[in-house]
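So you can see what is in the structure, the chains are spelled out below.
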Amino acid sequence: MRIVLAFSGGLDTSFCVPWLQETKGAEVITAIVDTGGIPRSQLDAIARQARAVGAAEHHEIDARQAVWDGFVSTLIRGNVLRGEVYPLSVAAERTQQAMEVAALARRLGADAVAHGSTGAGNDQVRFDIVFRTLLPELPIIAPVRSLGLSREASQAYLRERGLPVPEGERPLLGQPGFVGHHLRRGVDPRSLDAAARGRFSPGGGSSGRRGGDPRLGGGPAGDPERRAPGRAGSGRGSRRPGRALRNRPRYPHR
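Structure report, in brief. (Residues numbered from 1 in each chain as written. Predicted model: local features only at pLDDT ≥ 70, side-chain atom pairs only at ≥ 80, totals over all residues. Heavy atoms only, no water.)

### Regarding the overall build of the chain
And then number 1: A tally of regular secondary structure across the chain gives 10 helices and seven strands.
And then number 2: Contacts in the chain between residues at least 24 apart in sequence constitute 76% of all its contacts with a sequence separation of at least 6.
And then number 3: Accessible area of the chain: about 11,900 Å², with a carbon and sulfur share of 49%. (Helix = DSSP H or I, 4+ residues; strand = E, 2+ residues; numbered from the N terminus. Contact = heavy atoms within 4.5 Å. Areas by Shrake-Rupley, 256 points an atom, 1.4 Å probe, with all protein chains shown as cover.)

### Brief notes about the packing of aromatic side chains
And then number 1: For the structure on display, the rule yields three aromatic pairs.
And then number 2: Centroid distance F15 to Y157: 4.8 Å. Interplanar angle 70 degrees. Geometry classified as edge-to-face. Within this pair, whereas F15 is found in helix α1 (residues 11–24), its partner Y157 is found in helix α7 (residues 151–160), the two being separated by 142 residues in sequence.
And then number 3: A residue is classified by how much of its surface remains accessible, and F15, at 1% relative accessible area, is buried.
And then number 4: Taking the relative accessible area as the measure of exposure, Y157 reaches 12% and is therefore buried.
And then number 5: Residues F127 and F131 carry aromatic rings whose centres are separated by 5.9 Å and whose planes lie at 45 degrees to one another, so their mutual orientation is tilted. With a gap of four residues between them, F127 and F131 both fall in helix α5 (residues 123–134), about one helical turn apart. Assigned by exposure class, F127 and F131 land together as buried.
And then number 6: Each residue in the set F15, W19 and Y157 is aromatic and connected to the rest through ring pairs, giving one cluster.
And then number 7: It is R161 that lies over the ring of Y157; its NZ or CZ is 3.5 Å from the centre. (Phe/Tyr/Trp six-rings, centres within 6.5 Å; stacked < 30°, edge-to-face > 60°. Buried < 20%, exposed > 50% of the residue type's maximum accessible area, 1.4 Å probe, protein only. Lys NZ or Arg CZ within 6 Å of the ring centre and 35° of its normal.)

### Structural notes on the packing of α1 against α7
And then number 1: With their axes 10 Å apart at the nearest point, α1 and α7 run at an angle of 55 degrees to one another. With respect to α7, the axis of α1 lies oblique. Considering only the axes of α1 and α7, their crossing is left-handed. Residues L11, D12, S14, F15, P18, W19 and E22 of α1 pack against R151, S154, Q155, Y157 and L158 of α7.
And then number 2: Class assignment for the residues of the contact of α1 with α7 results in six nonpolar, three polar and three charged. (Axes fitted to C-alpha atoms, helices over the stretch in contact; angles between N-to-C directions. Parallel < 35°, antiparallel > 145°, perpendicular 65-115°, else oblique. Left-handed = near helix turned anticlockwise from the far one by under 90°. Nonpolar A, V, L, I, M, F, W, Y, C, P; charged D, E, K, R; others polar.)

### Structural notes on the nonpolar core
And then number 1: Counting 22 residues, the largest nonpolar core has I3, L5, L20 and I141 as its most contacted members.
And then number 2: Residue contacts for I141: discarding those within four places in its chain leaves M1, I3, W19, L20, K24, A112, V113, A114 and H115.
And then number 3: By size, the runner-up hydrophobic cluster in this structure holds 20 residues, among which are V33, V113, F131 and L135. (Core = buried A, V, L, I, M, F, W, Y, C linked by side-chain atoms within 4.5 Å.)

Just geometry here; none of it tells us what the structure is for.
Here it is in structure tokens:
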């Protein structure tokens, strides 16, 4: 049995590798999808972690161009904001990640796909929907969610087997510099495109408000789409706009 696992190198996905081997008798193939903002040193560390916990193969997929073409450029041109506060970002990139993992599973003839999402948050839904749509014939395995494990239990499981326990959390794309966080911070779209393509597009031009490689800066880690948006209003009886809305960056309509 071959299982392709969406792998971040963090605790949850590190737990999944030996657990799938022991309980399913599976050959576990790990995959990390780079959609921007992950430094080379961290990608190398993730590959080492995959091998250390027993992955039969590890694949690194560069999806930076794909996420730009398929999602980011459209979100910028449409000025698509969640709750009229900040651009949709995490959902778009998680979707691209799941699509890439599904394509790899198809190419390798996998018998199942797996991810390390817990029962909390939206990532489990994003992965499940994409896998179910693109790989309807394959089972989806989410060990941490199905077992309801605590982080302490996952750590103990790895230690008992003499496997390296990652320090802290390393979500699949919760990097400080990934492109969605930079959109929320108001980086000029042309600078993002220059980093992705090596040239300025769409709209041409040679400089922006901030310019440069978006990976040089960084927004707050975590999923910004879990934050409650402020509501704007005016006149008697209406709500005052929240701070996030009053101070939100303005994005050009294209």
